Every structure is written in C-alpha cells, then in structure tokens.
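Letter by letter, the chains look like this.
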Amino acid sequence: MHLSSRFWSARMTAVSFALAVAGMSASVAMAQTKTLYIGMNGGVMEKTWTEHVFPAFEKANNAKVVVVPGTSSDILAKAQANKDKPQMHVMFLDDGIMVRAIGMGLCEKMKPSAALNEVFPAARFKGDMATGVTMGMTGLVYNKKMFAEKGWAAPTSWMDLADPKFKGKVVFQSLSSSTFGLHGFLMFNRIKGGTDKNVEPGFNAWKTSIGSNVLEYIPSSAKLSEMMQTGEAAIAPLTPTAVAGLQEKGIAVEYAQPKEGSVVLMSAECVLANNSEPVLAQKLAEYLLTAEAQAAGLQHGNQIPSNPKSQAVGDDAKLKLKQFGDYMKTAVTVDWDVINENRPAWNARWNKTIER
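Since this is a predicted model, take the numbers as computed values, not measurements.

(A) Geometry of the overall build of the protein chain. Along the protein chain, the regular secondary structure elements total 15 helices and 11 strands. Projected onto the principal axes, the alpha-carbon positions of the protein chain cover approximately 100 × 45 × 40 Å. Evaluated residue by residue, the protein chain yields a buried proportion of 49% over its 356 residues. Within the protein chain, residue pairs in contact and separated by at least 24 positions form 72% of the contacts whose partners lie at least 6 positions apart. A total accessible area of about 16800 Å² is found for the protein chain, and carbon and sulfur atoms account for 56% of it.

This is the structure:
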C-alpha cells in the first residue's frame, strides 16, 4: 500500500474511533442525566421557574426538572394517590395545604443548609418538614378601568365586597377549593365577630352580605383575568403577585390592601418522602431557597422571596419589595391546625348552602 494511503487509512480509523468514543461518552452522559418532577402552580409560576430558575440547577447537576402543573389541591391529591411510590420529588403547596401534607406523612425533613438558615423564620415549618419559598398575602384586586369609568374610589376594606354598587360584579373563589376564597371568607367572618374556631357568624351573614353581590364562584383564579377584561368582574380576592401577573398581560387591574389586613400566604416546598432521588431532590429544594434562585424568581415573575438576602434588580423590583414590606405590617395569619381540622365540614357546608 502506498505510504500516503496507509496514513489516511490510519487517520480515518483514529477519527472513527474518536467519534465512537465521543458517542459513547455522550450516551453515558445522557444516561446519567436524572429527571426530577416538581409539582407547582402552572401559569406565571411554572413559566418563571422553568425559564429562569431551574436552568442553573440543571446545568450544575446534570439534571432535568419537569413541572407537574396544578393547584395545591391537585398536587396534594397526586402525592396522596402515589404515597408509597411517589411520582414527584418536590412539591410546592400553599401553606395551609402544606400543613395537611405534612400531617399525612407525605414530606421528609429538609436537610440543614446555609440557605435554610437564611430564610425568614416565619417561612420555616415546624421540624423543618417544609419551607416557604415565595411570600405573599391575599388582599383585593379591582378592575381599574371599570372603577375609573364609574368614578369609584379604590377599595379599602374586605367589606367593600358587600357594597351594593358591586351587585353582580363580585367574583369569589370557592372556599372549598381555593386558599384565596378561604382567606376572604375568614376575614369576613372575623369582621362579623367570628374566629378561626368559630365560623358561625361568617356563614350566617354571608348570603345577605357579600353573597348577594357574587356573580360567580370560581374554583381557581384562572378565569379571573378574562372576567376582568370583559368587564364582568369589578372586584375579587387576590395576591399582589397574581395582580402583577395580570398587569403584565396588559389587564387594567390594581391591588388593594384592606384596612383590616391581608392574609399571609406562602407558597412552600417540601421533599416527598420515599422519592426515587432523595439526595438530588434535597439539593433542588435547597437551591430554591438560595438568594440567587429567589432573586431570579422576583426579577422575572414577581415572586416575593422568603430569603431576605435576595437582591432586587431594577427600580420595579425594589418598589415591589418595599410595598411587600408595607403590606406585611398589617397582614394577619390564620390558625392552619384549627382550619385543617374543620375544613372538610366547612367545605361541605359551603357547597351545600352557598354554592348549591
């Protein structure tokens, strides 16, 4: 064989071998990429975390994080149905529903970490079985365009929901399926003289007060944006974060902090007990508590951080953090242990006497 032919033959063999090795390496790398499933709200939250928070974790850990979207009730039901062999690794739930999940034995204790020590003390659940990731509160959202056209002043109280001028214009989330609806009802109940243990005043007064103004009870807030745009809805319970999400879609709405106080609402995370990737799942949960991850959530999705070391980027984000601090001055907390104990009975009563 000619010398140059032997050279090119050897060269091609070497190249083929290198490509084969590279292919094998890629296959091994792909095989080692682990997928974590995280249950959380869809919409703004899913988009924000998928596009701006998870990628850094995925790159650092050769992992893929896939969102299982749904309301807190949906996610809890999925976790409960697969308790012995969890399909998810981490889940986000509203704080009250998270207390129920912990009680059902669905969560495992979070591992100690620097990030866990940095979050607000109020964000840490008993025994570190779960931790708040985003902070918020339920207050009121109102249709800014409609209010301007009618010459109405911005709402200042939960009792504005009972103002006769809003007859057929109040949209209220179902107590039985929504934390927003539950919060709104409990604040009305307090105004009427009730407590988290005694909801008789709220149930007894509802029909002749706020109830007489309600256009529709909705299971979640998904339909609210459409109802605000079409002019069907004037006012409803909602969080500042959700209101900011509607504003970004170009919907003319505004948040109002009731004088009686808004209700603290956290979106908390827990690592599912007996999940298939316990070490990596704990790493993901820890990462989501870091100042870095939460700063991205604030910047891109108006997610208010539970880690006070998170830095706001830009004047808009700094203003949101300041407003959040102001709202927290009058925000109230509810007794989730009492609520969860009585919730099934309240749900049944609500569905039978109010939403029938």
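(B) Focus on the pattern of salt bridges. Per the stated rule, a full pass over the model turns up 12 salt bridges. Residues Lys47 and Glu51 are paired through a salt bridge, measuring 3.2 Å at the closest nitrogen-oxygen approach. Here Glu51 and Lys47 lie together in helix α2 (residues 44–52), a separation of four residues that amounts to about one turn. Its salt-bridge partner being Asp128, residue Arg124 comes within 2.8 Å of it at the nearest N-O pair. Judged by relative accessible area, Asp128 falls into the buried class, the value being 14%. Among the ionic contacts, a cluster of salt bridges with common partners joins Lys322, Asp326 and Lys329.

(C) Structural detail: empty space enclosed by the protein. Taken as a whole and assessed by the stated rule, the structure comprises one cavity of 30 Å³ or more. Size it by volume and the largest cavity reaches roughly 40 Å³. Partitioned by chemical class, the residues of the lining of the largest cavity number three nonpolar, two polar and two charged.

(D) A look at the packing of helix α3 (residues 54–61) against helix α12 (residues 278–287). Two elements in contact, α3 and α12, have axes whose closest approach is 11 Å; the angle formed by their N-to-C orientations is 140°. Classed by the angle they form, the pair α3 and α12 counts as oblique. Crossing handedness for the pair α3 and α12: right-handed. Together, Phe54, Ala56, Phe57 and Asn61 of α3 and Leu280, Lys283, Leu284 and Tyr287 of α12 make up the contact between the two elements. In the contact of α3 with α12, the residues fall into six nonpolar, one polar and one charged.

Rules used in this analysis
- Residues numbered from 1 in each chain as written.
- Predicted model: local features only at pLDDT ≥ 70, side-chain atom pairs only at ≥ 80, totals over all residues.
- Heavy atoms only, no water.
- Helix = DSSP H or I, 4+ residues; strand = E, 2+ residues; numbered from the N terminus.
- Buried < 20%, exposed > 50% of the residue type's maximum accessible area, 1.4 Å probe, protein only.
- Contact = heavy atoms within 4.5 Å.
- Areas by Shrake-Rupley, 256 points an atom, 1.4 Å probe, with all protein chains shown as cover.
- Salt bridge = Lys/Arg side-chain N within 4 Å of Asp/Glu carboxyl O.
- 1 Å grid on protein atoms, 1.4 Å probe; cavity = no way out; pocket = protein on both sides within 12 Å on 5 of 7 lines; lining within 4 Å.
- Points joined across faces, edges and corners; volume = space filled by probe spheres on them.
- Nonpolar A, V, L, I, M, F, W, Y, C, P; charged D, E, K, R; others polar.
- Axes fitted to C-alpha atoms, helices over the stretch in contact; angles between N-to-C directions.
- Parallel < 35°, antiparallel > 145°, perpendicular 65-115°, else oblique.
- Left-handed = near helix turned anticlockwise from the far one by under 90°.

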